[in-house]
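Secondary and tertiary structure notes
Each chain is listed here by its residues.
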Amino acid sequence: MALFYTQGVPIGWVAIMLALLASMGGFIFGYDTGQISDILLMPDFLLRFAECTSPGDVSTCAFSNVRAGLIVALLSIGTLFGALMGAPTADFLGRRYAMTVECGVFIIGVLVQILSIKSWVQYALGRLISGLAVGALSAAVPMYQAETAPHQIRGTLTATYQLFITFGILVAYCISIGARSIAGPGSWRTVVAIGILWPLILGIGILTMPESPRWLAQQHRLEEAEYSLARARGYSKATGKTNVLIQRELEEIRVAAEREEKMKGGWIDCFKPANKTLYRTLLGMTLQMFQQLTGANYFFYYGATIFKSVGIADSFVTQIILGAVNFLCTFLGLYIMERFGRRMPLIIGGIWQSIWLFVFAAAGTAKDPMSNKGSGYLMIVSACLFILGYASTWAPGVWILIGETFPTRTRAKQAALSTSSNWLWNFLLAFFTPFINAAISFKYGFVFAAANLAGAGVVYFFLYESSDLTLEAVDTMYNDAACKPWTSRQWAPPGYASRAEVARETQNQDERKVEEALAGEMAGGKHETRLDDQETKA
């Protein structure tokens, strides 16, 4: 049974569940990102792993910049290599089994962290192992969602990955504030150990969902691909075999899989100028770089430390406020990216974020927030308003673009390269932030403010508007010499007056498919009734 209809096309509950369940991969990353900021301030963690001038006296314990940077940043080194391995692993094992294996790797990393007693190196290595899994999941999850979800709601379902990242960060903050009162190592070990629950949910639960029909078609397992499509639409296996809508989708996937098998590109093809392939590779890597340079992880990784230095009595509570703003505003981001496209939200978002980072840095530089509470509160408000803009634009927008911008031949590899750029800059910021913050303090916000303006400029001059177009039409647009990034919003495929006309025709085609499918089902039902009548008479 269909759960609901969109654009006249049925959507099954399985389509929603597979997207939400797969998004636990984003939740895992968000939880791991959110927990470390608070763990770095827990007394037992400081006594065990920090440098103490008086052993046993936590007030004399502090992390050196190198040690704090490595503990936080080694996760990102793991994600960098994990992202590069994610696509080949998903191609070899299949999307679902790849995610299950990667969840197992993450759990191993968590166990290494929990069993750390005195060695901060062991704890950091545990984060490195977990990072390998997080990076691989960041490649496998959006790919699985995009390939399995009905195309009518693909953008929204794919964006749930970013939504679950923000949810994971918020949950980590909430658990940390509850666990900090636990005596001894139970405080930080509880926070880390709860992290085992999330990969168990994903690793086991995803096996109950259908495999990607695109991957199944690539393996020439068309009957299984047919059943996967039927489940996503809310049909039974038997209905899928006679349903016109399912059969047409299956045929489109089969033809595309055969074409891709013949034209599949290697890593070197990602850097060839022909058909603007190199252009789009560099664009994807640059957008992921600027997503990190917005400065969001400056608050997520070191937020508790930052607000403690501002003079806030309970910096853990401030972290929860930031996490809640980040999570709730991501819902707004899902709407904005669907309603207003890709380019304009990213441009406006970059400018908005730059303004509030400038206010944050100016307030912290003009007056000492430790002695001037008004300055400290202004910094918190400006941080929240910055997060509002980031969660509504750059956070979901860049991940959506990674799935839309590249040509079929090299899409998986270009997506892996772009994601690796994200993790590389994630590592650089996580590792060097303690050094930079020690040198220039809150003036660091000016650096991020400038980076946000630069990111908005890159979007204006280089990014093409890809909303409301098929992936094939996006490829055509990038190769149209008459189309420029700043005029791309008005571009439409040959034979169409506008993108609205494309959307209307696509909806009409989908509705006709549904009508034909329903007519076929009714005819089949009447045929079965006649057979039953004949058997009764006999």
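The chain is annotated in an unreviewed UniProt entry as General substrate transporter of Mycena pura. We quote the UniProt Sequence similarities (unreviewed entry) comment for the chain here in full: "Belongs to the major facilitator superfamily. Sugar transporter (TC 2.A.1.1) family."

Here we come to the overall build of the chain. Helix and strand counts for the chain stand at 23 helices and four strands. Going through the 538 residues of the chain one by one, you find that 54% of them count as buried. Element-wise, carbon and sulfur atoms account for 66% of the exposed surface of the chain, whose accessible area totals about 21900 Å².

Under the definition given, this model contains one disulfide. Cysteine Cys384 is unpaired, with the sulfur of Cys329 as its nearest cysteine sulfur at 9.2 Å. Since its relative accessible area comes to 15%, Cys384 is described here as buried.

Moving on: the nonpolar core. One finds Phe45 and Phe63 to be the most contacted residues of the largest nonpolar core, which totals 112 residues. With 10 residues, the single largest contributor to this core is helix α4 (residues 65-93). Setting aside residues up to four positions removed in sequence, Phe63 forms contacts with Leu40, Phe45, Leu46, Phe49, Ala50, Ala68 and Ile71.

As a further point, take the pattern of salt bridges. This structure, assessed with the given rule, holds 14 salt bridges. The partner of Arg127 in a salt bridge is Asp32, with the nearest N and O atoms 3.8 Å apart. Taken as a pair, Arg127 in helix α6 (residues 120-148) and Asp32 in helix α2 (residues 24-39) lie far apart in primary sequence, 95 residues in all. For Asp32, a relative accessible area of 2% gives the class buried. Asp91 serves as the salt-bridge partner of Arg95, at 2.8 Å between the closest nitrogen and oxygen.

There is a patch of nonpolar side chains on the surface, built from Tyr460, Phe461, Phe462 and Trp486 and spanning about 430 Å² of accessible area. In this structure, Phe462 sits in helix α21 (residues 444-462).

Following the sequence through the fold, Arg343 ends up in helix α17 (residues 343-366). This buried residue, Arg343, is left without a salt bridge; Glu465 holds the nearest opposite charge, at 5.2 Å. At 2.8 Å, the side chain of Arg343 and the backbone oxygen of Val459 are in polar contact. Among the polar contacts listed, one links the side chain of Arg343 to the backbone oxygen of Tyr460, at a separation of 3.1 Å.

Moving on to unusual backbone geometry. The backbone of Asn275 sits at a positive phi, close to 60 degrees, despite the residue not being glycine. By secondary structure assignment, the location of Asn275 is in the loop between α13 (244-263) and α14 (277-293). Phi at Lys276 is positive, roughly 55 degrees, even though this residue is not glycine. Within the secondary structure, Lys276 sits in the loop between α13 and α14.

With that settled, consider the side chain of Asp44. In this fold, Asp44 is placed in helix α3 (residues 43-49). Of note is the side chain of Asp44, whose polar atom sits 2.6 Å from the side chain of Arg48. In this view, Asp44 contacts Gly184, Pro185, Ser187 and Trp188; residues no more than four positions away in its chain are not counted.

A few words on α13. Relative to the 28 Å expected for 20 residues at 1.5 Å per residue, α13 spans 29 Å between its end C-alpha atoms, a close match to the ideal helical length. Residues Leu245, Ile246, Glu249, Leu250, Ile253, Ala256 and Ala257 constitute the buried set of α13. For α13, the angular spread of the buried residues around the axis is 135 degrees, confining them to a single face.

Per the stated rule, a full pass over the model turns up 35 aromatic pairs. Judged by centre distance (6.4 Å) and plane angle (70 degrees), the rings of Tyr279 and Tyr464 are edge-to-face. Of this pair, Tyr279 sits in helix α14 while Tyr464 sits in the loop between α21 and α22 (471-478), placing them 185 residues apart in sequence. Tyr279 gets classed as partly exposed once you look at its relative accessible area, which sits at 24%. Consider the rings of Phe427 and Phe431, whose centres lie 5.9 Å apart with planes at 15 degrees: the pair is stacked. Of this pair, Phe427 and Phe431 are both found in helix α20 (residues 411-440), four residues apart, which corresponds to roughly one turn of the helix. As far as the burial class goes, Phe427 and Phe431 line up, both buried. Three or more aromatic residues joined by ring pairs form one cluster here, namely Phe27, Tyr31, Phe164, Phe167, Trp198, Phe327 and Phe331. One residue, Arg339, lies across the ring of Phe340, its end atom 5.0 Å from the ring centre.

We now examine the environment of Phe358. Its place among the elements puts Phe358 in helix α17. Phe358 sits 86 residues away from Tyr444 along the chain, and the two C-alpha atoms are 9.7 Å apart. Apart from residues no more than four positions distant in its own chain, Phe358 is found in contact with Phe446 and Ala449.

The next subject is the packing of helix α11 (residues 222-233) against α13. Between two packed helices, the angle of one axis relative to the other and the distance separating the axes together describe the packing. Where α11 meets α13, the axes come as close as 10 Å, and the angle between the chain directions of the two elements is 130 degrees. If you check the angle between α11 and α13, you find them oblique. Of the two elements, α11 crosses α13, and the hand of that crossing is right-handed. Each of Leu222, Ala225, Glu226, Leu229, Ala230 and Arg233 in α11 lies in contact with α13, whose residues at this interface are Leu245, Ile246, Gln247, Glu249, Leu250, Ile253 and Arg254. Tallied by class, residues from the contact of α11 with α13 come to eight nonpolar, one polar and four charged.

The contact between α4 and α6 brings their axes to 5 Å, and the two run at 35 degrees. In the packing of α4 onto α6, the handedness of the crossing is right-handed.

As a general rule, the predicted coordinates of low-pLDDT regions are not to be interpreted in detail. The pLDDT averaged across the chain works out to 84; a share of 87% of its residues lies at or above 70. Considering each helix and strand of the chain separately, the mean pLDDT is smallest for helix α23 (residues 499-537), with a value of 59, and largest for α21, with 96.

Thresholds applied
- In every chain, residue numbers begin from 1 and rise along the written sequence.
- Totals for whole chains, interfaces and linings use every residue, but because this is a predicted model, local features are given only for residues with pLDDT of at least 70 and side-chain atom pairs only at 80 or more, for both listing and counting.
- Side-chain numbers here rest on the full set of heavy atoms in the structure, without hydrogens or water.
- UniProt positions are given in the numbering used here, feature names are shortened, and annotations may be inferred rather than shown by experiment.
- In this text, helices come from DSSP runs of H or I with a minimum length of four residues, and strands from runs of E with a minimum of two, each type numbered from the N-terminal end.
- The rule is simple: take the accessible area with a 1.4 Å probe, protein chains only, and divide by the maximum for that residue type; under 20% is buried, over 50% is exposed, in between is partly exposed.
- For accessible areas, the Shrake-Rupley method is used with a probe of radius 1.4 Å. Any residue's cover is judged against the shown protein chains and nothing else.
- Put simply, a disulfide is two cysteine sulfurs that come within 2.5 Å.
- To define a nonpolar core, start from buried Ala, Val, Leu, Ile, Met, Phe, Trp, Tyr and Cys residues and group those joined through side-chain atoms within 4.5 Å.
- Should any heavy atoms of two residues lie within 4.5 Å, those residues are counted as being in contact.
- By convention in these notes, a salt bridge is any Lys or Arg side-chain nitrogen within 4 Å of a carboxyl oxygen on Asp or Glu.
- Exposure above 30% relative accessible area and the lack of any salt bridge qualify a residue for a patch; like charges then connect within 9 Å, and the nonpolar side chains Val, Leu, Ile, Met, Phe, Trp and Tyr within 5 Å.
- Neither His nor the chain ends contribute to the count of charged residues, in which Lys and Arg are positive and Asp and Glu negative.
- Think of a polar contact as two N or O atoms within 3.5 Å of one another; within protein, one of them needs to be a possible hydrogen donor and the other a possible acceptor, and neighboring residues in sequence only count if both atoms come from side chains.
- For a helix, the expected span equals 1.5 Å multiplied by the number of residues minus one.
- To obtain the arc, one takes the directions from the helix axis to the C-beta atoms.
- Side-chain rings of Phe, Tyr and Trp, where Trp is taken by its six-membered ring, are said to pair if the distance between their centres is within 6.5 Å; with planes under 30 degrees apart they count as stacked, over 60 as edge-to-face, and otherwise as tilted.
- In our convention, an over-ring charge means Lys NZ or Arg CZ found within 6 Å of a ring centre and within 35 degrees of that ring's normal.
- Between the N-to-C directions of two axes lies an angle of 0 to 180 degrees, each axis being a line fitted to C-alpha atoms and, for a helix, fitted only over the stretch in contact.
- Note on angle classes: values under 35 degrees are labelled roughly parallel, values over 145 roughly antiparallel, values of 65 to 115 roughly perpendicular, and the remainder oblique.
- With the far helix as reference, a near helix turned anticlockwise by less than a right angle produces a left-handed crossing, and one turned clockwise produces a right-handed crossing.
- Basically, the charged four are Asp, Glu, Lys and Arg, the nonpolar ten are Ala, Val, Leu, Ile, Met, Phe, Trp, Tyr, Cys and Pro, and anything else, Gly included, counts as polar.
- Confidence of the prediction at every residue is given by pLDDT, a number between 0 and 100.

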